[in-house]
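Okay, here's what each chain looks like letter by letter:
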Amino acid sequence: MFTAHPYLNFPGTTEEAFRFYQSVFGGEFLTLIRFKDTTEATNVPENEQHKLMHIALPLGKGGVILMGTDVLDSMCHTLMPGNQISLTLTPDSQAEAQRLFEGLSLGGKVSVPLEPSSWGTIFGMLTDAYGIQWMIDYTPQS
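The rules behind each value
- Residues numbered from 1 in each chain as written.
- Predicted model: local features only at pLDDT ≥ 70, side-chain atom pairs only at ≥ 80, totals over all residues.
- Heavy atoms only, no water.
- Pairing = 2+ DSSP bridges.
- Helix = DSSP H or I, 4+ residues; strand = E, 2+ residues; numbered from the N terminus.
- Axes fitted to C-alpha atoms, helices over the stretch in contact; angles between N-to-C directions.
- Contact = heavy atoms within 4.5 Å.
- Salt bridge = Lys/Arg side-chain N within 4 Å of Asp/Glu carboxyl O.
- Buried < 20%, exposed > 50% of the residue type's maximum accessible area, 1.4 Å probe, protein only.
- Core = buried A, V, L, I, M, F, W, Y, C linked by side-chain atoms within 4.5 Å.
- Phe/Tyr/Trp six-rings, centres within 6.5 Å; stacked < 30°, edge-to-face > 60°.

## Regarding the sheet that holds strand 5 (residues 85-91)
On the basis of which strands lie adjacent, the open sheet formed by eight strands has the order 2-3-4-1-5-8-7-6 and mixed pairing. If you trace the sheet from one side to the other, it starts and ends with strand 2 (31-34) and strand 6 (109-116), each paired once. Between one strand axis and the next, the sheet turns by 20 degrees as a mean value, whatever way the strands run. Pairing of strand 2 with strand 3 (residues 52-59) involves four bridges; the strand directions are antiparallel. Across the sheet, Ile-33 pairs through a bridge with His-54, a residue of strand 3. Relative to the sheet, helix 1 (residues 14-25) contacts strand 1 (2-10), strand 2, strand 3 and strand 4 (64-70), its axis offset from that of strand 3 by approximately 10 degrees.

In structure tokens form, the structure reads like this:
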């Protein structure tokens, strides 16, 4: 089994948007990571260091988590209609992560291979054959 979460992309306004969502939905951020605090920090200009690499806000009691990021031109990412949202799948096993990633990538384009991430998960990104963006993010159990 897996859980699906919406992942939103913003043109540098992620923190503002998520503070608004927090005021509407309530709750506390599970994660708030700035680019300056990542291994990507050396690739990000000083004026973008404070932007958000990742933020997560739980929505209600159903286990859905609203996630987001700032899309940075300096990292050759361009926000345009169609790529403002991705679906993130959080499988229960590495085998399920691999199966989902391989299945969804058939006829599509892998942008980040499924592999260990700097934040401790097995992570990959792809756009499927129909133009939908997916992220697979498996957290190994200790």
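From this point, things continue past the structure.
## Observations concerning the pattern of salt bridges
Per the stated rule, a full pass over the model turns up three salt bridges. Notably, a salt bridge pairs Glu-15 with Arg-34, separated by 2.9 Å at the nearest N-O pair. With Glu-15 in helix 1 and Arg-34 in strand 2, this pair connects stretches of sequence that are 19 residues apart. We classify Arg-34 as buried; its relative accessible area is 18%. Notably, a salt bridge pairs Arg-99 with Glu-96, separated by 2.9 Å at the nearest N-O pair. One end of the pair, Arg-99, and the other, Glu-96, are both in helix 2 (residues 94-105), three residues apart, so they sit about a helical turn from each other. Given a relative accessible area of 16%, Glu-96 falls into the buried group.

## Digging into the nonpolar core
In terms of nonpolar packing, the biggest core is built from eleven residues, these being Leu-89, Ala-97, Leu-100, Phe-101, Leu-104, Leu-114, Ile-122, Leu-126, Trp-134, Ile-136 and Tyr-138. Mapped onto this core, the elements with two or more residues apiece are helix 2, strand 7 (122-127) and strand 8 (133-138). No other element matches helix 2, which puts four residues into this core. Among residues more than four places away in sequence, those in contact with Leu-104 are Leu-89, Leu-126, Asp-128, Trp-134 and Ile-136.

## Section: the packing of aromatic side chains
Going through the model one piece at a time under the given rule, you end up with five aromatic pairs. Linked through ring pairs, Phe-10, Phe-18, Phe-20, Tyr-21 and Phe-25 together constitute an aromatic cluster.

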